Every structure is written in C-alpha cells, then in structure tokens.
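The lines below spell out each chain.
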Amino acid sequence: MAGAEESAARAEGAGTGAEEEVLRPHAEDAFAYELKALAAADDRPRPARWNLSPWAVATYLLGGVLPDGTAISPKYVGPRRIVEVAVTTLATDRALLLLGVPGTAKTWVSEHLAAAVSGDSTLLVQGTAGTPEEAIRYGWDYARLLAHGPSRDALVPGPVMRAMSGGGIARVEELTRIPADVQDTLITILSEKTLPIPELGQEVMAVRGFNLIATANDRDRGVNDLSSALRRRFNTVVLPLPATVEDEVDIVARRVDQMGRAIDLPQAPPGADEIRRVVTVFRELRDGVTADGRTKVKSPSGTLSTAEAISVVTGGLALAAHFGDGVLRSADVAAGILGAVVRDPAADRVVWNEYLESVVRERDGWKDFYRACREVSA
Ligand SMILES: Nc1ncnc2c1ncn2[C@@H]1O[C@H](COP(=O)(O)OP(=O)(O)OP(=O)(O)O)[C@@H](O)[C@H]1O
Ligand SMILES: [Mg+2]
C-alpha cells in the first residue's frame, strides 16, 4: 500500500485528519489498524497465505476486544455461526456463495472477508448480463499482441487469474446475472484449480490460499440460474434479514455514523427515535404485519432492506444538518421513506396511504411523524 493511501486510510479509521481524500477506502485500508492489531494478537494456526487465522477473521467481522484492549468494531451483525461457516469454507477447496435478499450485506461481508483473509478486497468481477469471459479469465494488450504476437507479456490477467497466481481471494458480484456460458468458465477454475491459456499452450495454476467468494441475489433467481455443476463447487451461506428491530437499529445507527463521517456531516446527536421509527416502518411493510402482530398491512413492490433504511437516515441527517437544527426529526426522514416505499406510483401509493391511516395515525407518540408523512404524501 502506498504511503498516501495508508495515511488516508488511517485518517478514515480515526475519523479525523486533513488527508481524508478517498471517498470510500477499501476495507483493508479503512480498518488497517484493526487488522494489524488482530494479526499481532493472533497466535492460532493460519491456513497457507492467510493473513489471519479463521478465528481472527471471524473476530474481525463480528467484533470483540483483544487481550491488549484493542476494540475490534463489528462489521457484520448477525448469527456468529454464519460467519464461522463462511470463514471456514474459504479454508477448504470449496468456494463460498453468499446468497440472500437485497441489502443483507452480501457484498459488504464479501469485501471484509477478502480484506481479512488476504489483505486485498479489490480482485473483483462485477457480474452483469454483459460480463464477458475475458472479465473472468484474461484479456490482451492489443498493441503488444499486434507488435509481438501472443505472449505472457501481452496477456492482461483478470482479477480471478491474479488471485489464482497470488494465492488470494477473488470476488464475483451478482454471479447469477452473468450469462450461463460465462459462469461455466468458473467450473474449471474451481474444480481443477487451473486456468488454461490455449493461445499460449500454457496454464495458470492456482497456488494455495486461492479461493473465491461469489454473491447472488435471491430475487434474481431464474435470471440465470446457477448450473448444478457450478453450484456443487460452492458452499452456500444464506444471509438473513436482521432478526430483531434492535439488531436492525444497531446496524443502521452504526453505518449511518460511519458514512456521515466519510461525507463530513456535522456530528449530530444520533436521533435514535427516528432511526427506530424508520426501521419499524420498513420491517412492518416488509413483513406485512405490525410489530405487535395485530394488524395486517400490505407490502409495497420494492424491497425495503436495511440498506435502504441506511440511505433514508443518512439523507435525513444531511437535511437536518444543512436545513434543520442538526437534530434528526420526522420531517427529515419522511420524504426519504416515501421515496423508498412508493416505487410504483399507483399501487404503492395506495399501500402507503393505507398504512399511514390505519397504523401510523393511531400510534402513540407518532403524531409528528404522521403529520410529516401526510405533508410529503400530499
Ligand atoms: N446484518 C448486517 N450487518 C451489518 N451491516 C449490514 C447488515 N445488513 C445490512 N448491512 C448494511 O447494509 C448495506 C448494504 O449491504 P450490501 O450492499 O452488502 O447488500 P447486498 O446484500 O450486497 O445487497 P444487493 O443484493 O442489493 O447487492 C451495507 O452498508 C451494510 O453495512
Ligand atoms: Mg451486493
């Protein structure tokens, strides 16, 4: 890591400093301090080329306090076993598939796992309907190819190839969006641990430490389903939605705080009431029933994930900071909630109005919120 990046990273980790230039540092930079402390405290066996033992990787994700008093912040809030299974999988010859509905931290967990295991979360292939085979295997530097013909010098390795030769972790985002024939490129890589280069009559063989983390969205199922041949190469770990309101409020508050610092929002009082309200509204609409289980409500068409709750609260904090008194209030989150809930202008608006009138209006202590929502819904 270059010196400038390193100091930018340290600045972001500490939340102060003038070098804060990078808008979103990679996990291994943002949390370099924690990773270093973990490595120093870690006396358990490490798999080949791992920076940390599986135990230390799990601690990095779930948080904890080291014997020397260093606090490790929790990155993922959820069942410990899920993290343990995910980390252990990476130490086996099977790849890891993180599956779940949108906004369940699949990408987030994948980045932090790669950062903790191999210190590099950047070997990333973004899966889309247009992802070509070259993105997974390799491409060519055409100037060199034309001048000197095919050679190792003219070959431009892709992220997966680089992870194979360096013994690191490669990441594939949104695996099921990638066309099936391109997905199949991964079969040889994952089962034979080799990537043939027919043009040169050569191959790149994966060295120990290599593995791959893929993420896929539950909702995309059926777009390009995984072939059973490929699926067998993966251990699937399903990331659940946060189990309780408390968990979800905790996640939102934590992330909002981190993101607020990254975009220089004035340090505002957390506005815990408003965060809880956003989370409650999202959960009730998502579950189709109020928190007390008494009233059925209709669900809107969009997904109201934790990730969306984070955006609504961050947007609200910006409003409060720039146009309010700095304290997060109902009026600051109302517009954001409306935007997240009403995706389909006709059907979702009906759902939202029904929820407002039958649930929000009647609820103790929610008068201001009701009024703010009415105002923006009009
Ligand atoms: N259980 C959780 N613990 C910690 N953070 C969470 C959790 N659930 C969601 N988040 C936060 O939600 C945000 C969105 O997560 P992320 O983008 O990883 O979701 P995703 O599952 O990849 O969604 P998509 O399917 O849309 O790609 C992240 O900022 C992450 O911190
Ligand atoms: Mg994602």
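Residues numbered from 1 in each chain as written. Chains lettered and ligands numbered in written order. Predicted model: local features only at pLDDT ≥ 70, side-chain atom pairs only at ≥ 80, totals over all residues.

**Q** Explanation requested: the overall build of the chain in the structure shown.
**A** Helices and strands together make up the secondary structure of the chain, namely 18 helices and eleven strands. Taking 2.2 N^0.38 as the reference for a compact globule, 378 residues should give roughly 21 Å; the C-alpha atoms of the chain span a radius of gyration of 23 Å, in line with that estimate. C-alpha atoms of the chain, sized along the principal axes, occupy 70 × 50 × 40 Å. Classification of the 378 residues of the chain by burial places 41% in the buried group. In the chain, of all internal contacts separated by at least 6 residues, the share reaching a separation of at least 24 is 67%. (Helix = DSSP H or I, 4+ residues; strand = E, 2+ residues; numbered from the N terminus. Rg over C-alpha atoms; globule rule 2.2 N^0.38 Å. Buried ≥ 20, exposed ≤ 12 C-beta atoms within 10 Å, placed from the backbone. Contact = placed C-beta atoms within 7 Å.)

**Q** How should I be thinking about helix α6 (residues 106-118) in this particular structure?
**A** Because the α-helix completes a turn every 3.6 residues, residues three or four places apart line up on one side. Over its 13 residues, α6 extends 18 Å from the first C-alpha to the last, a length consistent with the 18 Å expected when each residue adds 1.5 Å. Most of α6 is tucked away, with eleven of its 13 residues classed as buried. All buried positions along α6 are accounted for by K106, V109, S110, E111, H112, L113, A114, A115, A116, V117 and S118. Residue G119 follows α6 closely and has a positive phi angle near 70°. (Expected span 1.5 Å × (residues − 1).)

**Q** What am I meant to see in the environment of R363 here?
**A** Tracing the sequence through the fold places R363 in the loop between α17 (347-360) and α18 (367-377). The spatial distance from the C-alpha of R363 to the C-alpha of G339 is 22 Å, given a sequence separation of 24 residues.

**Q** Would you mind going over the domain arrangement of the chain with me for this structure?
**A** When the parts of a complex come together, some accessible area is lost, and that lost area is often used as the size of the interface. Each assigned domain of the chain is listed here: domain 1 (77-238) and domain 2 (245-377). With centres defined by C-alpha atoms, the gap from domain 1 to domain 2 works out at 36 Å. Listed by partner, the interface residues are five residues for domain 1 and eight residues for domain 2. For the side of domain 1 that touches domain 2, the residue count by class is three nonpolar, two polar and no charged. (Domains from an automatic or database assignment. Nonpolar A, V, L, I, M, F, W, Y, C, P; charged D, E, K, R; others polar.)

**Q** Would you mind going over the site of ligand 1 with me for this structure?
**A** Around ligand 1 there are 19 residues in total, and A105, K106, T107, W108 and A307 lie nearest to it. Secondary-structure elements contributing two or more residues to the shell around ligand 1 are α6, β10 (211-217), α13 (245-262) and α15 (306-323). Taken together, the residues of the shell around ligand 1 break down into nine nonpolar, eight polar and two charged. Composition of the shell around ligand 1 by domain shows at least three residues from each of domain 1 (77-238) and domain 2 (245-377). (Near = placed C-beta within 6 Å.)

**Q** Looking at this model, I keep getting lost on unusual backbone geometry. Mind explaining?
**A** Leave glycine aside and you will find that most residues have negative phi; peptide bonds, for their part, are mostly trans. The backbone of R49 shows a phi angle near 65°, a positive value even though the residue is not glycine. Along the polypeptide, R49 turns up in the loop between α3 (32-41) and α4 (54-62). Notably, E174 is not glycine yet its phi reads approximately 55°, a positive angle. By the secondary structure assignment, E174 is in the loop between β7 (169-173) and α10 (180-183). Taking the number of C-beta atoms within 10 Å as the measure of exposure, E174 has 21 and is therefore buried.

**Q** I tried to follow the packing of helix α14 (residues 272-287) against helix α16 (residues 330-341) on my own but got confused; where do I start?
**A** When two helices pack together, their arrangement is given by the angle between their axes and by how far apart the axes lie. α16 packs onto α14 with a crossing angle of 20° between their chain directions and a minimal axis gap of 10 Å. With respect to their mutual orientation, α14 and α16 come out roughly parallel. For α14 against α16, the interelement crossing comes out right-handed. Contacts between α14 and α16 involve E274, V278, V281 and L285 from the first element and S330, V333, I337 and V341 from the second. Here the contact of α14 with α16 is built from residues that sort into six nonpolar, one polar and one charged. (Axes fitted to C-alpha atoms, helices over the stretch in contact; angles between N-to-C directions. Parallel < 35°, antiparallel > 145°, perpendicular 65-115°, else oblique. Left-handed = near helix turned anticlockwise from the far one by under 90°.)

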